[in-house]
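Residues per chain are reported as follows:
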Protein chains: 2
Amino acid sequence: MESWSGLSSGGITAVPGFKVAGVHCGIRKNREKRDLALIVADKMCNAAAVYTTNKVKGAPLILTMEHLKDGKARAILCNSGNANTAAPNGLSAAMEMTKFVADELKIKPDDIIVNSTGVIGVKLPVDAIITAVPKLVKSLSRDNIPAAEAIMTTDTFPKSWAAQVEIGGKTVTIGGIAKGSGMIHPNMATMLSFLATDCDISSEMLQKALQASTRITYNQVSVDGDTSTNDMCAILASGTAKNPIIDSEGEDYQKFLTVLNFINLKLAKDIARDGEGATKLLTCRVSGAGTQDDAAQLAKAVISSSLVKSAMFGADANWGRELCAMGYSGANFDPSRVDIGFSSSMGDIQVCKQSTGLDFDEETAKAVLSEKEIIIEVGLYDGKHSAEAYGCDLTYDYVRINGDYRT
Amino acid sequence: MESWSGLSSGGITAVPGFKVAGVHCGIRKNREKRDLALIVADKMCNAAAVYTTNKVKGAPLILTMEHLKDGKARAILCNSGNANTAAPNGLSAAMEMTKFVADELKIKPDDIIVNSTGVIGVKLPVDAIITAVPKLVKSLSRDNIPAAEAIMTTDTFPKSWAAQVEIGGKTVTIGGIAKGSGMIHPNMATMLSFLATDCDISSEMLQKALQASTRITYNQVSVDGDTSTNDMCAILASGTAKNPIIDSEGEDYQKFLTVLNFINLKLAKDIARDGEGATKLLTCRVSGAGTQDDAAQLAKAVISSSLVKSAMFGADANWGRELCAMGYSGANFDPSRVDIGFSSSMGDIQVCKQSTGLDFDEETAKAVLSEKEIIIEVGLYDGKHSAEAYGCDLTYDYVRINGDYRT
């Protein structure tokens, strides 16, 4: 495989031919906070998306599924501060906001991907959005940050990544922005992640790559075990890189998928790191599993456990909680042969060998677990498969933030 | 059905022919805390038990399964402060403590049900237990509290209930003690609950009744989504009430089951109310579901959601979180027709009708949700089945308790 490079900034606008905007339209009370984002491609794109598996789906997701039936789109529109889910006239509100943006952009409404994020069950103030549309479109630019900020809810920093790879002698760029924070336990889809690329790739292969990539990135993240009603990961591919079109699973597809995975993993880890109230990024790495699914399921159960998350907040090497979480995960493994260790920039320490506790130095364990990024290493003897999952610690601030989210 | 009565105290010793003891043997550092419990019947009992479905099972559970193969037992032995799970020589430690108690009681080791609860992965100080056995057996009495206290971990109060019913002209008593607090999300079994009855009932019907009862009581409780490695609910039936033996599913069986359900539900709710850090008991009551399983699954998903639990702590009527949890529960229901309301001793308030938010008075909602016992009422239009689940709020104290459990 040829070399490729990650770009730590840029996001959507690292990709040629894409403009973005983010403004405050008034859904959020704080005038300092942007709450309406727009991403627009210069030309029609092949498009793909994956959605929440929650049976309760936000109205904008239902509209977007309709719009993406032809595999084409030119723009992504998203507000924060209100999920437009289980709200009066949700579907008409989503259609109305989309129509006004389409008119202003002089494109068709069904070429727009639309979503909303925020509180569930409150009527979307669609007039505020409509009033802001001219300002929104006018402020479209090659500056990525306003859009990355406008989709944030309780996120503490905007999340954007980009990377480049050479495909068929042409430089192809993929960039994306995402938001996470709470109600984060994606299942077959993701929180909000919007991606753009100039790669020439068919809608079908784009959808295939997106599904493969979300499975090992966003779907392996959990902040609080709650799968949102509005999860969505969408990608637009403009084709302007002029690489030979990717329309089958050859070497070029693999290259594209590798870079897509890189971006999605960066965004997914940023979401875990910035979980509501989080002070630590937790990665659980399971190796030696009998199957890929078992490895993924075990890793996700460990980083989803409230007891593991609380112990990590307290820098307490109480590894029995990892073993317990694996035991109820539903995955297959030999419970009598489990190794467990912790590592961070301060070093690493093994605490359990073949399911039996080791005598370990509590001071060292405390030092390892006091860092901001902790890796929980789980070794099995069942096979050769490995997987990672990403989460965060459970802190007083998670409770504070969610004890009174609406005020 | 004839009348029956609940006894608010008594527990195991409300049942004639049973003695209990609880002492401090030294597993727990605090000398004020009892850590070794014993329940003994005057004569051999029919016995039944259900266990955790966690793939990682505590050594004492594995031993108990062996001991109960003949459906008979005379005593229950349990320590707190150490789970004897994933610990060096776990099975021999469990066998050793059982043997010493059997010798002292002059019964066979395999007539003892044994369990341990506490930290995972640390060697059980079996010498401390053995040394305490004579004192333990000597202190057997008709006072229920020492045993109820000795099985507590982070529980803040002992949990015991008893009730009586007339079967075949004879008064039959059932009593029990339980512990809960953390790592509470039972699946087909329970946390620790030990029950006794003087009812004459076959081992087979006793097992059947216990399984039916735990399904709708303990299995509908969640404190933190973590299914323990040592969950167990066991019952001893001495037969001394001299009722006509219950050996089939007739009217007497139903009477027995009704009272068993009463006790188990009381203990289950006490466990939810006393969840780690909890300030409120949450009950989610789902009605109008298409099947019994759907109703149970929906109710349990709602009371298990970290976001619902945090909102209840903050007395915030953010009902979209209930709807969201139902959506990812995996249960079947019509997501477009969901009614949601809250009630407590301060009154009740409906906040969502047919999946659409209602205008409601925030002051009233705050008042309703500020009470210590909250009922979340979910109404569906899918059928006639209903179920309840029991949980607690998520508080700063849950994080504090679990951030440094081992010290």
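Scroll up a little and you will see the structure.
Residues numbered from 1 in each chain as written. Chains lettered and ligands numbered in written order. Predicted model: local features only at pLDDT ≥ 70, side-chain atom pairs only at ≥ 80, totals over all residues. Heavy atoms only, no water.

**Let's talk about the overall build of chain A**
Definition in use: Every helix listed is a DSSP run of H or I at least four residues long, and every strand listed is a run of E at least two residues long, numbered separately from the N terminus. Computation of the radius of gyration draws on C-alpha atoms, with the globule rule given as 2.2 Å multiplied by the number of residues to the power 0.38. Pairs of residues are marked as contacts when any of their non-hydrogen atoms sit within 4.5 Å. The convention is simple: Lys and Arg are positive, Asp and Glu are negative, and His and the chain ends are not counted. Charged groups are reduced to one reference atom each: NZ for lysine, CZ for arginine, CG for aspartic acid, CD for glutamic acid.
Within chain A one finds 11 helices and 15 strands. In terms of C-alpha radius of gyration, chain A reaches 21 Å, essentially the compact-globule figure of 22 Å for 407 residues. For the C-alpha atoms alone, the extent of chain A along its principal axes is close to 70 × 55 × 35 Å. Considering only intrachain contacts with a sequence separation of at least 6, the fraction spanning at least 24 residues in chain A is 81%. In chain A, which carries 41 positive and 48 negative side-chain charges, the distance between the mean positions of the two groups comes to 6 Å.

**Focus: the interface of chain A and chain B**
The cut-off we apply is this: Note on terms: buried area is the combined drop in 1.4 Å-probe accessible area of two parts once they are placed together, counting the loss on both. Salt bridges are defined by distance alone: a side-chain nitrogen of Lys or Arg within 4 Å of a carboxyl oxygen of Asp or Glu. Three classes are used: nonpolar for Ala, Val, Leu, Ile, Met, Phe, Trp, Tyr, Cys and Pro, charged for Asp, Glu, Lys and Arg, and polar for all others, with Gly counted as polar.
In this assembly, 56 residues from chain A lie in contact with 56 residues from chain B. Note on chain A versus chain B: buried area summed over both sides is about 4300 Å², and carbon and sulfur give 58% of it. Where chain A touches chain B, the interface holds zero salt bridges. Sorting the residues of the side of chain A that touches chain B by element identifies α8 (306-313), α9 (320-328), β13 (356-357), α10 (362-369) and α11 (396-403) of chain A as the ones contributing at least two each. Residues belonging to the side of chain A that touches chain B are distributed by class as follows: 24 nonpolar, 21 polar and 11 charged.

**Side note on the relation of the copies chain A and chain B**
Using the following cut-off: Only residues with pLDDT of at least 70 in both copies contribute their C-alpha atoms to the least-squares superposition of the copies.
Of the two same-sequence chains, chain A is brought onto chain B (RMSD 0.0 Å, axial shift 0.0 Å) by a rotation of 180 degrees. Put plainly, the chains are arranged around a two-fold axis. When C-alpha positions in chain A are compared against the rotation axis, the closest is assigned to Y396 of chain A, at 2.5 Å. Taken as a fraction of all interface residues of chain A, those also at the interface in chain B reach 100%, which identifies the copy contact as same-surface.

**Let's talk about a nonpolar patch on the surface**
In plain terms, the rule: Each patch is assembled from residues with relative accessible area greater than 30% and no salt bridge, linking like charges that lie within 9 Å and nonpolar side chains (Val, Leu, Ile, Met, Phe, Trp, Tyr) that lie within 5 Å. Note on areas: Shrake-Rupley with a 1.4 Å probe; residue coverage comes only from the protein chains shown. Each residue is assigned to one of three classes by its accessible area relative to the maximum for its type, calculated with a 1.4 Å probe on protein chains only: buried under 20%, partly exposed between the two thresholds, exposed over 50%.
On the surface, I62, L91 and M95 of chain A cluster together into a nonpolar patch covering about 270 Å² of accessible area. Looking at I62 of chain A, the relative accessible area reads 42%, which means it is partly exposed.

**A closer look at the sheet that holds strand β14 (residues 373-380) of chain B**
Residue and element names in this part refer to chain B. Note the following rule: When DSSP locates at least two bridges between a pair of strands, those strands are taken to pair. Lines fitted to C-alpha atoms define the axes here, with helix axes fitted over just the stretch in contact, and angles between the N-to-C directions of these axes take values from 0 to 180 degrees.
Read across the sheet, six strands follow the order β13-β12-β11-β14-β10-β15 without closing on themselves; strand pairing throughout is mixed. Bordering the open sheet on either side are β13 (356-357) and β15 (385-392), each of which pairs with just one other strand. Two strands pair when backbone bridges link them, and strand β11 (residues 338-344) and β14 are joined in this way by six bridges, in the antiparallel orientation. By the bridge assignment for β14, G341 is matched with E377. Strands in contact with helix α6 (residues 251-273) are β10 (281-289), β14 and β15; relative to β15, the strand with the most contacts, it is inclined by about 40 degrees.

**Observations concerning the pairing of strand β5 (residues 112-119) of chain B**
Residue and element names in this part refer to chain B. Just so we agree on the cut-off: For the handedness criterion, the strands are oriented away from the viewer, and a crossover whose path from the first strand over the helix to the second runs clockwise is classed as right-handed.
Most of β5 sits inside the fold, with eight of its eight residues counted as buried. Pairing analysis gives eight bridges linking strand β4 (residues 72-82) to β5, with the strands arranged parallel. Following the sheet pairing, S80 is matched in β5 by T117. Crossover connection from β4 via helix α2 (residues 90-105) to parallel β5: handedness right-handed.

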